[in-house]
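Okay, here's what each chain looks like letter by letter:
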Amino acid sequence: MTVPPTRIAVVDHGAGNLVSITRGLQRVGADVTLAVGPDDLDGADGVVLPGVGATASVMEGIRAGGFEETLRTIDRPLLGICVGMQVLFEGSEEDDTECLRLIAGHTRRLSPAPRLPHIGWNDVTPTGSDPLFSGLETSPLFYFVHSYAPVPEDDATVIATTEYGESFPSAVRSGWVWGTQFHPERSARAGQTVLSNFVGSVAAKHAA
Amino acid sequence: MLRERIIPCLDVSGGRVVKGVNFVDLTDEGDPVELAERYVAEGGDEICFLDISATPDRRETTLDIVSETARNVLVPLTVGGGIRHPDDMKATLRAGADKVGVNTAAVADPSLIEACAARFGRQCVVLAIDARRVGGGGGWGRPPDGESYEVVVSGGRTPTGIDAIEWARRGAELGAGEILLTSMDRDGTRDGFEIELTRSVSDAVEIPVIASGGAGTVDHFVEAVTAGGADAVLAASIFHRGEIAISAVKDAMTSAGLAVRR
């Protein structure tokens, strides 16, 4: 008997590039669906909340799509990327926006920083041994494009940090909810490894 | 540490990669998707894709090529050409672009920058500026007093009389997240990047600046960063024709003490 592929729903909140994340997940063997409404999350083993956009417009898209309540009470593994991670927190300094409150803390503008936005490839240093970073070298490079970063209330939620003017959390985890400030779907092989690790965690949770 | 970026640029017209000198005399350089894949394999940190036929011909950016490229490369993709409205930007992002360049339409109506930044975040709005030196007697090097750089739009066809450094500053205030700065005088010449222009703009704004136009040797790339203050360097024809390998540019940068992605 063959194991069916892990089903991942990518939340389509109306803005941004969904091609890269969809392809990235398919490359590591996931069965990907684009979710345009909360019902589309029903059959999924795990959920990805992508993020290109401004916080306010991403939250607007999440609300307009009817995703807010489902995401707030999600009982399956979730990965938020970039702004998709920032909206997992309670609120953001960008546009003074109220967010999903899945993780305690807020998002604020990076400061001090040499130039903003922080655009390009930078080192990501895992703080522990979270499975999201298994199989990677000590400080792999990932692609960033952002001006804001989270400040979690609980330091234990920080699973990786990056230096840009200051040290900021570049990946977080709270239970089955992960977030990356970088774009794994645009970060060459290291990014594919992160996506593969996420899909692996989803499959393990689903099987348990 | 944030790495200096090397960005191969694909100027596309009619579904093919083309390249000219000083924005004219276009030659066919190959298939966009194949070239993008090759550059990523060779170490390109990002791919830039400019539909140079878009504005003059009032053609929509060739979104299917963007999509095909985005599906096949695992590094970020910046796409410009023919963006006149936030909806054009949305369509381009949804086709698979990570950042979108605005140029001619933003000069005509600067509020386009504000509108795009409000909707998609400033981090994905790239203000592309094509500049050329005006005044004085010409000749390469630092412009003598009285010379300045003028913004030229519609693919280098229409001078605007707008000062390029002022426009960069204003664009950043309006919400651009990055400046893609091309020297028309140097474009395709291989005489080196216009350092004075690059330095003036990178000093004037606090957002990243991509230097473009004039790459001919690996040292030119180093100079754009060390003397010009660029955060990223972009080139087209020397990469298309395999005259300079991306890895050779990165070797030169490493030797000069700059950090690059290997």
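Every value quoted in this text rests on a predicted model; they were computed, and no experiment measured them.

What counts, and at which threshold
Residues numbered from 1 in each chain as written. Chains lettered and ligands numbered in written order. Predicted model: local features only at pLDDT ≥ 70, side-chain atom pairs only at ≥ 80, totals over all residues. Heavy atoms only, no water. Contact = heavy atoms within 4.5 Å. Buried area = accessible area lost by both parts, 1.4 Å probe. Salt bridge = Lys/Arg side-chain N within 4 Å of Asp/Glu carboxyl O. Polar contact = N/O pair within 3.5 Å; in protein donor to acceptor, adjacent residues only side chain to side chain. Helix = DSSP H or I, 4+ residues; strand = E, 2+ residues; numbered from the N terminus. Nonpolar A, V, L, I, M, F, W, Y, C, P; charged D, E, K, R; others polar. Pairing = 2+ DSSP bridges. 1 Å grid on protein atoms, 1.4 Å probe; cavity = no way out; pocket = protein on both sides within 12 Å on 5 of 7 lines; lining within 4 Å. Points joined across faces, edges and corners; volume = space filled by probe spheres on them. Buried < 20%, exposed > 50% of the residue type's maximum accessible area, 1.4 Å probe, protein only. Arc of directions from axis to C-beta. Core = buried A, V, L, I, M, F, W, Y, C linked by side-chain atoms within 4.5 Å. Disulfide = S-S within 2.5 Å.

Opposite the 33 residues of chain A that make contact, chain B presents 41 residues. Surface buried jointly by chain A and chain B totals about 3,100 Å² across both partners, of which 52% is contributed by carbon and sulfur atoms. Taken as a group, R115, W121 and R186 of chain A account for 25% of the area that chain A buries against chain B, more than any other trio of residues on that side. For the interface between chain A and chain B, the tally reads four salt bridges. The salt bridge partner of D98 of chain B is R186 of chain A, with a shortest N-O separation of 2.7 Å. If you look at where chain A meets chain B, you find 24 residue pairs in polar contact (both at pLDDT 80 or more). Elements with a minimum of two residues in the side of chain A that touches chain B: α1 (19-27), β8 (118-123), β10 (141-146) and α5 (188-207) of chain A. No other element matches β8 of chain A, which puts six residues into the side of chain A that touches chain B. Of the residues in the side of chain A that touches chain B, the class split is 14 nonpolar, twelve polar and seven charged.

Next up on the list: the sheet that holds strand β7 (residues 105-109) of chain A. Residues and elements named next belong to chain A. Pairing in this open sheet of four strands is mixed, and the strands run β6-β5-β7-β11 from one edge to the other. In this open sheet, the two edge strands, each paired with only one partner strand, are β6 (97-98) and β11 (148-152). Pairing between strand β5 (residues 91-92) and β6: two bridges, direction antiparallel. In the strand pairing of β6, S92 is matched with T97.

Locating R5 of chain B in the fold gives a position in strand β1 (residues 5-13). Along the primary structure R5 of chain B and G96 of chain B are separated by 91 residues, whereas in three dimensions their C-alpha atoms are 20 Å apart.

What follows concerns the layout of surface pockets. Considered as a void within the structure, the largest pocket measures approximately 860 Å³ in volume. F23, L50, I52, D130 and G155 of chain B are the residues nearest the centre of the largest pocket, which is lined by 49 residues in total. The class makeup of the residues in the lining of the largest pocket is 19 nonpolar, 20 polar and ten charged. The volume enclosed by the second largest pocket comes to roughly 540 Å³. Surrounding the second largest pocket, 21 residues form its lining, A188, R189 and A190 of chain A together with R261 and R262 of chain B being those nearest its centre. Mapped by element, the contributors of at least two residues to the lining of the second largest pocket are α5 of chain A together with α1 (32-41) and α11 (246-255) of chain B.

All right, on to helix α3 (residues 63-72) of chain B then. Along α3 of chain B, the residues classified as buried are I65, V66, T69 and A70 of chain B. The buried residues of α3 of chain B all sit within an arc of 135° when viewed along its axis, so they share a single face. Tucked inside the fold, the buried residues of α3 of chain B contact α1 of chain A together with α1, β4 (47-51), β5 (77-80) and α4 (86-95) of chain B.

What follows concerns the nonpolar core. Counting 83 residues, the largest nonpolar core has I129, I179, F221 and F239 of chain B as its most contacted members. Ranked by residues supplied to this core, first place goes to helix α7 (residues 164-174) of chain B with six residues. Excluding residues that lie within four positions of it along the chain, F239 of chain B makes contacts with I6, I7, P8, R38, Y39, F221, I244, A245, I246 and V249 of chain B. Counting 57 residues, the second largest nonpolar core, distinct from the first, contains V47, L102, L110 and F168 of chain A.

In this section: the state of the cysteines. Under the counting rule described, the total for this entry stands at zero disulfides over all chains. Cysteine C99 of chain A shares no disulfide, and the gap to the nearest cysteine sulfur, in C82 of chain A, comes to 13 Å. Given a relative accessible area of 0%, C99 of chain A falls into the buried group. With no disulfide of its own, C9 of chain B lies 4.0 Å from the sulfur of C48 of chain B, the closest cysteine sulfur.

Take the pattern of salt bridges next. Opposite charge on two side chains permits them to pair, given that their charged atoms come into close proximity. Per the stated rule, a full pass over the model turns up 29 salt bridges over all chains. The partner of R101 of chain A in a salt bridge is E98 of chain A, and the shortest N-O contact between them spans 3.8 Å. We classify R101 of chain A as partly exposed; its relative accessible area is 46%. Connected via shared salt-bridge partners are R5, E46, K99 and E178 of chain B.

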